[in-house]
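# Tertiary structure, described
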Amino acid sequence: MEGIWFTEKQLPGLAVSCLVKKTLHHEKSEYQDVKVVETDTFGTMLLLDNVIQTNVRDEFIYHEMISFPALNTHPNPENVLVIGGGDGGTIREVAKHPRVKKATLVEIDGVVVEVSKKYLPTIAAGLEDPKVEVKIDDGIKHVKDNKNTYDVILVDSTDPIGPAVGLFAKEFYTDVFNALKEDGIFVAQTASPVFNGEMIKRIHKDLGEIFPVKDLYVATIPTYPGGYWCFTMGSKKHSPREVAKESIAAPNTRYYSPDVHFGALALPPFVEELVK
Ligand code: AG3
């Protein structure tokens, strides 16, 4: 794959293509096809089953936005769990938050962790942070086995196909609820409000039956289908809308800021419609 176009078939009738200069790595792990490619437009890029997961150019947007809204909604997010996210980008942001003491990453596919360390060192940097512990294990099992343990749980999964299906199920959200302490907060990436509206609605309904507080916020992520992405939050107590602006920590962030915290929660009517 040198100087040819990689195409992700994002939807049955939609594809996005990227000019690839070089394939740096390609292997089939126990769970998926793992590829790292060098592109002009986005720099080094991680593909799982030919789906764009992350890249050096726009990764900061997704990784900051999956992490900081929950970390700043919780008054004291000392103990944080990230499920998935083996590239390390999410845990890197988590470890940056001044009130986080311990961050555990549970990734099912050890190959993703190894390949990211080798080819995506700026993203994988968090995996070496002293606050961080990496476990190669099944996140679904991990939450079942660790009750009343975490302040914040972030689910940095792939799309709801293949190994990630269970991470979008109501049973899993119930286990996440139980793995959180009494004022815990959960966030998951929940795809595109334009293309995945029905799923977002269903998730919101499921969460509403489990968590007292639920919310949705958006960010612009150029490489994901539609470029406009949702994150869903379930919280036992605190609302992201009631955070004191002065208490918000945004250490060296490039997308997230105290204003973006609230701006991301301002939903256009068609998105609001999905969570009413
Ligand atoms: N996880 C979310 C990837 C979803 C992208 N979907 C797609 N391209 N169709 C990203 C992992 C980054 N840590």
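Located above this text is the structure these notes cover.
These remarks concern the structure in this document. Fair warning: this is a prediction, and the values are worked out from it, not measured in the lab.

### Let's talk about the packing of helix H1 (residues 59-73) against helix H2 (residues 89-96)
- One can describe the packing of H1 onto H2 by two numbers: an axis separation of 8 Å at closest approach and a directional angle of 45 degrees. In terms of orientation, H1 and H2 fall into the oblique class. Remark: the crossing between H1 and H2 carries right-handed chirality. Here Glu59, Phe60, Tyr62, His63, Glu64, Ile66, Ser67, Phe68 and Leu71 of H1 lie close against H2, whose contacting residues are Gly89, Thr90, Arg92, Glu93 and Val94.
- A class-by-class count of the residues in the contact of H1 with H2 yields six nonpolar, four polar and four charged.

### Concerning the pattern of salt bridges
- In the structure shown here, the tally under the stated rule is 18 salt bridges.
- Between Asp215 and Arg241 there is a salt bridge, with its nearest N and O atoms 2.8 Å apart. Note that Asp215 is positioned in strand E11 (residues 213-220) and Arg241 in the loop between strand E12 (228-235) and helix H8 (258-263), a separation of 26 residues in sequence.
- A residue is classified by how much of its surface remains accessible, and Arg241, at 42% relative accessible area, is partly exposed.
- One salt bridge in this structure joins Lys276 and Glu273, with 3.2 Å as the shortest N-O distance.
- Beyond isolated ion pairs, a larger network of salt bridges with shared partners links Glu59, Arg92, Glu93 and Lys96.

### Focus on the site of the ligand
- Looking at the ligand, there are 13 residues lining it, with Glu8, His63, Asp87, Asp156 and Asp159 nearest.
- Interatomic distance of 3.5 Å between a side-chain N/O atom of Gln53 and a nitrogen atom of the ligand.
- At 2.6 Å, a side-chain N or O of Asp87 approaches a nitrogen atom of the ligand.
- Out of a free accessible area of 400 Å², the ligand has 98% covered by protein chains.
- Here the ligand is seated within the largest pocket.
- Secondary-structure elements contributing two or more residues to the shell around the ligand are strand E5 (51-55) and H1.
- Two domains each provide a minimum of three residues to the shell around the ligand, namely domain 1 (4-54) and domain 2 (59-275).

### Notes on the packing of aromatic side chains
- Enumeration over the complete set of coordinates arrives at nine aromatic pairs.
- Ring centres 5.4 Å apart and planes at 20 degrees place the aromatic pair Phe68 and Tyr256 in the stacked group. Taken together, the residues Phe68 in helix H1 and Tyr256 in the loop between E12 and H8 connect sequence positions 188 residues apart. For the pair Phe68 and Tyr256, one class covers both residues: buried.
- Here Tyr217 and Phe231 contribute two aromatic rings whose centre-to-centre distance is 5.3 Å and whose plane-to-plane angle is 15 degrees, an arrangement assigned as stacked. Of the two residues, Tyr217 is situated in strand E11 and Phe231 in strand E12; the sequence distance between them amounts to 14 residues.

### So, the layout of surface pockets
- If you add up the space inside the largest pocket, you get close to 430 Å³.
- Taken together, 34 residues form the lining of the largest pocket, with Gly84, Gly85, Asp156, Ser157 and Thr158 sitting closest to its centre.
- When contributions to the lining of the largest pocket are tallied by element, the ones reaching two or more residues are strand E4 (43-48), E5, H1, strand E6 (79-84), strand E7 (102-107) and helix H5 (139-145).
- If one sorts the elements of the lining of the largest pocket by residue count, E5 sits on top with four residues.
- Residue composition of the lining of the largest pocket, by class: 16 nonpolar, 11 polar and seven charged.
- Inspection of the lining of the largest pocket shows a minimum of three residues originating in each of domain 1 (4-54) and domain 2 (59-275).
- Put simply, the second largest pocket is a space of about 240 Å³.
- Per-element tally for the lining of the second largest pocket: the top contributor is strand E1 (residues 4-11), with five residues.
- Looking at side-chain class alone, the lining of the second largest pocket contains eight nonpolar, four polar and four charged residues.
- Two domains share the lining of the second largest pocket, each providing at least three of its residues, namely domain 1 (4-54) and domain 2 (59-275).

### Observations regarding the side chain of Asp33
- Along the chain, the position of Asp33 falls in strand E3 (residues 33-39).
- A distance of 2.8 Å separates a polar atom in the side chain of Asp33 from a polar atom in the side chain of His26.
- There is a polar contact of 2.8 Å between the side chain of Asp33 and the side chain of Lys28.
- Excluding anything up to four places from it in sequence, Asp33 contacts His26, Glu27, Lys28, Leu47, Leu48 and Asp49.

Thresholds applied
Residues numbered from 1 in each chain as written. Predicted model: local features only at pLDDT ≥ 70, side-chain atom pairs only at ≥ 80, totals over all residues. Heavy atoms only, no water. Axes fitted to C-alpha atoms, helices over the stretch in contact; angles between N-to-C directions. Helix = DSSP H or I, 4+ residues; strand = E, 2+ residues; numbered from the N terminus. Parallel < 35°, antiparallel > 145°, perpendicular 65-115°, else oblique. Left-handed = near helix turned anticlockwise from the far one by under 90°. Contact = heavy atoms within 4.5 Å. Nonpolar A, V, L, I, M, F, W, Y, C, P; charged D, E, K, R; others polar. Salt bridge = Lys/Arg side-chain N within 4 Å of Asp/Glu carboxyl O. Buried < 20%, exposed > 50% of the residue type's maximum accessible area, 1.4 Å probe, protein only. Near = heavy atom within 4 Å. Polar contact = N/O pair within 3.5 Å; in protein donor to acceptor, adjacent residues only side chain to side chain. Areas by Shrake-Rupley, 256 points an atom, 1.4 Å probe, with all protein chains shown as cover. 1 Å grid on protein atoms, 1.4 Å probe; cavity = no way out; pocket = protein on both sides within 12 Å on 5 of 7 lines; lining within 4 Å. Sits in = over half its atoms within 2 Å of the grid points. Domains from an automatic or database assignment. Phe/Tyr/Trp six-rings, centres within 6.5 Å; stacked < 30°, edge-to-face > 60°. Points joined across faces, edges and corners; volume = space filled by probe spheres on them.

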